[in-house]
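# Residue-level structure breakdown
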Amino acid sequence: MQHQANQMTVHPKVKTLRRRVTTPDLRLCTPDRVKMERRLRVGSTHTAAVSALTYQPVRRELITGHEDGSLKFWEGDTGKHAETVQHHKGWISDLYYWHEGKILFSCSVDGQVVLWSSSNQPYDIIQVGEPVFCLAWLSRKSLLLFGSGKGLGALRKSGKLAANGLSLLSHRVAWVPGHTGIVRCLNIAGNKIYSGGYDKKLVVQEVVSLSGDGEIPLKIVRERDAAHDAGVTCLTVAKDTDGSSWVVSGSFDKKVKLWTGDGKLVHIIQCSDTVTGLCYVPQTMVLWVAAGTPLPLLYEPKSGDNVTDYAPILNTTSATLHTNRESTVQLLKYIPETSEVIGSTKLKGVICWRYNPTCSVCCHHSPSTSSHVETLTFTSKVPILIFSGGFTGEVVKWEQLQLNSFLYSVDSLSYKEPLMKAIESEEDDGGGGGGGGRGRAGKRRGSEEMAGMPRERKIEAMKGENRGFVSSLFVESLDLLVASSLDGTIFVWGNDKRTVEVLEEMQRNSASETSTTDTVAGDRESSNHVQQESSSNVITRVAGFTCLHVLRSHTGCVEALAAVEDWTDGRTYLISGGWDLTLNLWDLSTGSTHHNWRGCVCLQY
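Rules used throughout
- Residues numbered from 1 in each chain as written.
- Predicted model: local features only at pLDDT ≥ 70, side-chain atom pairs only at ≥ 80, totals over all residues.
- Heavy atoms only, no water.
- Helix = DSSP H or I, 4+ residues; strand = E, 2+ residues; numbered from the N terminus.
- Buried < 20%, exposed > 50% of the residue type's maximum accessible area, 1.4 Å probe, protein only.
- Contact = heavy atoms within 4.5 Å.
- Areas by Shrake-Rupley, 256 points an atom, 1.4 Å probe, with all protein chains shown as cover.
- Phe/Tyr/Trp six-rings, centres within 6.5 Å; stacked < 30°, edge-to-face > 60°.
- Pairing = 2+ DSSP bridges.
- Axes fitted to C-alpha atoms, helices over the stretch in contact; angles between N-to-C directions.
- Core = buried A, V, L, I, M, F, W, Y, C linked by side-chain atoms within 4.5 Å.
- UniProt positions renumbered as here; feature names shortened; annotations may be inferred.
- pLDDT = per-residue confidence, 0-100.
- Salt bridge = Lys/Arg side-chain N within 4 Å of Asp/Glu carboxyl O.
- Polar contact = N/O pair within 3.5 Å; in protein donor to acceptor, adjacent residues only side chain to side chain.
- Disulfide = S-S within 2.5 Å.

### Digging into the overall build of the chain
- The number of helices and strands found in the chain is six helices and 41 strands.
- By residue count, 50% of the 605 residues in the chain fall in the buried class.
- Residue pairs in contact within the chain that sit at least 24 positions apart in sequence constitute 51% of those at least 6 positions apart.
- Total accessible area on the chain stands at roughly 27800 Å², and carbon and sulfur atoms take up 50% of it.

### Re the packing of aromatic side chains
- By the definition in use, this model includes 14 aromatic pairs.
- A centroid spacing of 5.9 Å and a plane angle of 75° characterise the contact between Tyr415 and Phe469, whose relative ring orientation is edge-to-face. Taken as a pair, Tyr415 in the loop between strand E33 (408-413) and helix H3 (416-428) and Phe469 in strand E34 (residues 469-475) lie far apart in primary sequence, 54 residues in all. As far as the burial class goes, Tyr415 and Phe469 line up, both buried.

### Topic: the sheet that holds E34
- Sheet architecture is open: four strands sit in the order E34-E35-E36-E37, paired in antiparallel fashion. The sheet terminates laterally at E34 and strand E37 (545-551), the two strands that pair on one side only. The average angle at which neighbouring strand axes cross in this sheet is 20°, direction not considered.
- Pairing analysis gives four bridges linking strand E35 (residues 480-485) to strand E36 (residues 490-495), with the strands arranged antiparallel. Across the sheet, Ser484 pairs through a bridge with Ile490, a residue of E36.

### Points about the sheet that holds strand E40 (residues 582-587)
- In space, the four strands of this open sheet follow the order E38-E39-E40-E41, with antiparallel pairing throughout. The sheet terminates laterally at strand E38 (558-565) and strand E41 (592-598), the two strands that pair on one side only. Averaged over all adjacent pairs, the angle separating strand axes in this sheet is 20°, with direction ignored.
- Direction of pairing for E40 relative to E41: antiparallel, over a ladder of six bridges. Within E41, the residue paired with Thr582 across the bridge is Arg598.

### Points about the nonpolar core
- Membership of the largest hydrophobic core comes to 19 residues, with the highest contact counts inside it found for Phe105, Val113, Leu115, Leu135, Leu144 and Leu169.
- Listed by contribution, the elements that provide at least two residues to this core are strand E7 (103-108), strand E8 (112-116), strand E9 (122-127), strand E10 (132-138), strand E11 (143-148) and strand E13 (167-169).
- Contact partners of Leu144, with chain neighbours within four places excluded, come to Phe105, Val113, Leu135, Ala136, Trp137, Gly153, Ala154, Leu155 and Leu169.

### With respect to the UniProt feature "repeat: WD" (unreviewed entry) in the chain
- UniProt's feature table lists "repeat: WD" (unreviewed entry) at residues 43-84, 85-117, 225-259 and 551-596, given in the numbering used throughout.
- Span residues 85-117 is 0% helix and 61% strand, its end C-alpha atoms 12 Å apart.
- In residues 225-259, the share of helix is 0% and the share of strand is 57%. The end C-alpha atoms are 14 Å apart.

### What about the confidence of the model for the chain?
- Per-residue pLDDT for the chain averages 78, and the proportion of residues at 70 or more is 73%.
- Predicted confidence is poor over residues 315-326, with pLDDT under 50, and the contacts of this stretch with residues over four places away or in other chains come to 21 contacts.

### Here we look at the pattern of salt bridges
- Evaluation of the coordinates by the stated rule reveals eight salt bridges.
- Asp77 is paired through a salt bridge with Arg60; the nearest N and O atoms lie 3.1 Å apart. Residue Asp77 is found in the loop between strand E4 (70-75) and strand E5 (81-86), and its partner Arg60 is found in the loop between strand E2 (50-56) and strand E3 (61-66); the two are separated by 17 residues along the sequence.
- Arg60 sits in the partly exposed class, given a relative accessible area of 47%.
- For Glu399, the salt bridge goes to Lys397, with nearest N and O atoms at 4.0 Å. Comparing Glu399 with Lys397, the two get one shared label, buried.
- Three or more residues joined by partner-sharing salt bridges are found here, namely Lys201, Glu223 and Asp225.

### Describing the side chain of Asp587
- Note that Asp587 resides in strand E40.
- Look at Asp587 and you get buried, because its relative accessible area is 3%.
- Polar contacts involving the side chain of Asp587 include one to the side chain of Arg571, which spans 2.7 Å.
- With residues near it in sequence (within four places) discarded, Asp587 still touches Arg571, Thr572, Tyr573, Ser592 and His594.

### Some points on unusual backbone geometry
- Even without glycine at this site, Asn120 takes up a positive phi of about 65°.
- Summarising the element assignment, Asn120 is placed in the loop between E8 and E9.
- Even without being a glycine, Ser339 presents a positive backbone phi close to 55°.
- Among the residues examined, Ser339 registers a relative accessible area of 17% and is labelled buried.

### A word on the pairing of strand E15 (residues 183-189)
- Judged by how many residues are buried, E15 sits mostly within the fold: six of seven residues are covered.
- Pairing between E15 and strand E16 (residues 192-197): six bridges, direction antiparallel. Its bridge partner lying in E16, Asn187 is registered against Tyr194.
- Linking two consecutive strands that pair antiparallel, namely E15 and E16, is a turn of two residues; a positive phi of about 65° is found at Gly190 within it.

### Observations concerning the environment of Lys421
- Mapped onto the elements of the fold, Lys421 is located in helix H3.
- You can call Lys421 exposed: its relative accessible area is 56%.

### Comments concerning the environment of Leu376
- On the secondary structure map, Leu376 appears in strand E30 (residues 373-379).
- Residues Leu376 and Ser471, 95 residues apart in the sequence, show an inter-C-alpha distance of 7.6 Å.

### Concerning the environment of Ile216
- Looking at the element boundaries, Ile216 is found in the loop between strand E17 (202-207) and strand E18 (218-224).
- Leaving out residues up to four positions away in the same chain, Ile216 has contacts with Leu143, Ala154, Arg156, Ala174 and Val176.

### With respect to the state of the cysteines
- Counted under the stated rule, the structure contains zero disulfides.
- In this structure Cys185 is not part of a disulfide, and its nearest cysteine sulfur, from Cys134, lies 6.4 Å away.

Rendered as structure tokens:
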């Protein structure tokens, strides 16, 4: 008895201590530590605006090209200026680093393609005769592809080497059919080449193994003549976890369009300004868009949803600095060697974001609660469900949207009516019943103090400071959620059986109609098992959760919950333990007490 008294005196202190640790919402990442953190910022790089960006991994340098034709090299770790070189006579339109050959290529509107050595010295200059706007290296065929005012061109790798031992290119330009105007952007993914230009076209070409002498080994597989309503300004390729690819294009028409790998339109994203930069971050599977905003906009490619608020790239302090001291983001480029994104601003600045593997991908806010989260549990079935509870006396269900891993629907689970019935049942039993019996009458606030109260007042009285949820458990085998509160009440939520039966009957009828029109028996049999499993999960999710049982035998805070399956009878039992030094064994199918042990010290791990 003395031990029990000591336990009961500690309980209010623990409750007070918990309330000191307050965060206003459910967050899947902390507010000051985000997945893509701004690591570096150069306020003003040059007197002329930044027109091109790239990264040189050999010397670990950021390289910026400017509108006056100059190249600037910056230490990648510190942002300190290392060197400035000048060769081009017009604004630099693109920079490309060839990893295998360790060569930096630069192009300009002056019609030159320049090859730079690792010592930042030009060793070969190719006169194209047309303004050059973009570059890409096709390793499979040793070709430098470039977009110009005349269309898409190519330069072959020469068999000769320069005096410094680096590769040389043939100065003879070969033109590739497809575009009829300026080609502004290029991207290579596998054996496919994607190009977009001011002729509004999106052209998909494929590398062919056989070609005649002097022919460029490319074949057009899809040509979209009106991919956008205006010229295409930028292009990138995003890859899904299953290996499929999206092609993403931005345009002067203020739209971002997502295409399949073979050029079929999937999504259209409307922006508020011209799209000037695109990049895809594979670690977070997020598309970054620069379209006239101080910070990049973030989109989930599979669904096309804006997830900027759920996958923040800056903490509060740095976001304020960015908005006040810098201007619109113009260019974006992903650096796979360092898992970084570099961008330029309209005020001639450069920003660098680095992937932080120690932080969560996204954060979420519950709009209906102001208390910190005390308990969490989840189910691994698709779509994923997360259940959170806190001292406000509310359990929130978060359901992951099927086409978006960042967004969740939010719903509060109700328990008022079942709780009211449990209280009335205790009153009818003289304070000794409810959920299989309390064991000792008068220990619980319910039967004597609330006798004669109106129903709503009883519920409000039961909420109070003791309605906070402190522990939860999800039983996968039964699709049941169990949550316990400070006053010892345990709630069990599950699927509404009547709704599930109706939905299953509708599914059987639909499957029967489908099978009569299906003419391919082999395909039907091969996919039957997968469809049944998937549809079963969907039915249970659509049916929703309702409070099935209110278990009220404990007289103190319940923090220990465990589910145990009895192989002899196939039933699943719940074991609960708390501050009243009592262990209860519950039958989850009926919600009744199966056994209890008193005088037990319960520990939760």
